[in-house]
Amino acid sequence: MTPKGNAFMDCRKCGTWNPDDKNFCWRCNAELPKPVEKKPKKAPRVFAGLPIWMWIMLALFFVVLVIGQCSVSELLVPS
Ligand SMILES: [Zn+2]
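Note that the structure is predicted; figures quoted are calculated from it, not measured.

**A look at the overall build of the chain**
Check the secondary structure of the chain and you find 2 helices and 2 strands. Traced from its N-terminal end to its C-terminal end, the chain shows the element sequence β-β-α-α. Buried residues in the chain amount to 3% of all 79 residues. The long-range share in the chain, meaning contacts at least 24 apart out of those at least 6 apart in sequence, stands at 10%.

Written out as structure tokens, the structure reads:
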């Protein structure tokens, strides 16, 4: 299976496919375009000005607070 959108790794001169680690075409020795690094955009997830993990920490803190105030037996056996 050959993906058609993979044109950047083909030699621009002769159109030959080259491995990713090659800097020059093995066929015509032409310089190859550097492969585009697939760097996933590390956009920090922010919700209402705070990162998501901060909200999770706050939620956990709140849960711990609530559990700490109520006794566990009350939570397990609602009357
Ligand atoms: Zn070539």
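The discussion continues.
**A look at helix H1 (residues 52-69)**
Spacing of three or four residues puts side chains on the same side of an α-helix, whose turn is 3.6 residues. The terminal C-alpha atoms of H1, which comprises 18 residues, lie 26 Å apart, in line with the 26 Å expected from a rise of 1.5 Å per residue. Judged by how many residues are buried, H1 sits mostly at the surface: 0 of 18 residues are covered.

**Regarding the confidence of the model for the chain**
In the predicted model, the chain carries a mean pLDDT of 78, and 70% of its residues have values of at least 70. Ranking the helices and strands of the chain by mean pLDDT puts H1 first, with 91, and helix H2 (residues 72-76) last, with 62.

So, how was this worked out
Residues numbered from 1 in each chain as written. Predicted model: local features only at pLDDT ≥ 70, side-chain atom pairs only at ≥ 80, totals over all residues. Helix = DSSP H or I, 4+ residues; strand = E, 2+ residues; numbered from the N terminus. Buried ≥ 20, exposed ≤ 12 C-beta atoms within 10 Å, placed from the backbone. Contact = placed C-beta atoms within 7 Å. Expected span 1.5 Å × (residues − 1). pLDDT = per-residue confidence, 0-100.

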